[in-house]
Amino acid sequence: MIPQARIHVRLTDLDILGHVNNAIYLTYFEIARMHYFSALVGDHWNWMEEGVVLLKNEVEYLKPIVLNDVPYVKVYLIHIGTKSFTLGYEITVSDQLVTKGSSVLVGFNSKTKSTIEIPEKMKDAIQKIA
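Description of the structure in this document. Quantities reported herein were computed from a predicted structural model and do not represent experimental measurements. (Residues numbered from 1 in each chain as written. Predicted model: local features only at pLDDT ≥ 70, side-chain atom pairs only at ≥ 80, totals over all residues. Heavy atoms only, no water.)

### Things to note about the overall build of the protein
Summing up its helical and strand segments, the protein has two helices and six strands in all. The order of helices and strands in the protein, counted from the N terminus, is β-α-β-β-β-β-β-α. Computed over C-alpha atoms, the radius of gyration of the protein comes to 15 Å, within 12% of the 14 Å expected from 2.2 N^0.38 for 130 residues, which places it in the range of a compact globule. With the C-alpha coordinates aligned to their principal axes, the bounding extent of the protein is approximately 45 × 30 × 25 Å. For the protein, with 130 residues in total, the buried portion stands at 39%. Across the protein, contacts joining residues at least 24 apart in sequence account for 68% of those joining residues at least 6 apart. The distance from the centre of the 13 positive side-chain charges to the centre of the 14 negative ones in the protein is 2 Å. (Helix = DSSP H or I, 4+ residues; strand = E, 2+ residues; numbered from the N terminus. Rg over C-alpha atoms; globule rule 2.2 N^0.38 Å. Buried < 20%, exposed > 50% of the residue type's maximum accessible area, 1.4 Å probe, protein only. Contact = heavy atoms within 4.5 Å. Lys, Arg positive; Asp, Glu negative; His and termini not counted. Charge placed at Lys NZ, Arg CZ, Asp CG, Glu CD.)

### Focus: the packing of aromatic side chains
One pass over the structure, following the stated rule, counts six aromatic pairs. Look at tyrosine 25 and tyrosine 61: their rings are 5.0 Å apart centre to centre, the planes differ by 80°, and that puts the pair in the edge-to-face class. One end of the pair, tyrosine 25, is in helix 1 (residues 24–41); the other, tyrosine 61, is in strand 2 (residues 51–61), with 36 residues separating them in the sequence. On the basis of relative accessibility, which here comes to 2%, the residue tyrosine 25 falls in the buried class. On the basis of relative accessibility, which here comes to 41%, the residue tyrosine 61 falls in the partly exposed class. Measuring from ring centre to ring centre gives 4.1 Å for phenylalanine 29 and tyrosine 89, while their planes differ by 10°; the resulting arrangement is stacked. Here the residue phenylalanine 29 occupies a position in helix 1, and tyrosine 89 occupies one in strand 4 (residues 84–93), the gap between them amounting to 60 residues. Overall, phenylalanine 29 belongs to the buried group, its relative accessible area being 0%. (Phe/Tyr/Trp six-rings, centres within 6.5 Å; stacked < 30°, edge-to-face > 60°.)

As structure tokens, this is what we get:
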């Protein structure tokens, strides 16, 4: 099992109301994705030829995150197809759910600028996300 991604809230993450700006949550999702991908396929994966591009994000803000909070992001698989997959996210602070979300990602070769089928090694690894 992959440990949840720990997020360090930065002062620059905050808006004028003193809580994390809504756009920053997408960065938290990205940090968590890379944390999980690193654990699943390793740090030497060829992202240029066997990468992914983001197609869609959704975020549901349940409670604000503030400067001294210690958020953790759980990533889980919602759906996997031939060329795309959907990941879900749950952000918790002190074991309390504060944000939910999801991302649709598409297999992509940056060199040829074309969609690809999700590589088997990545597909097998993604399916292990609980």
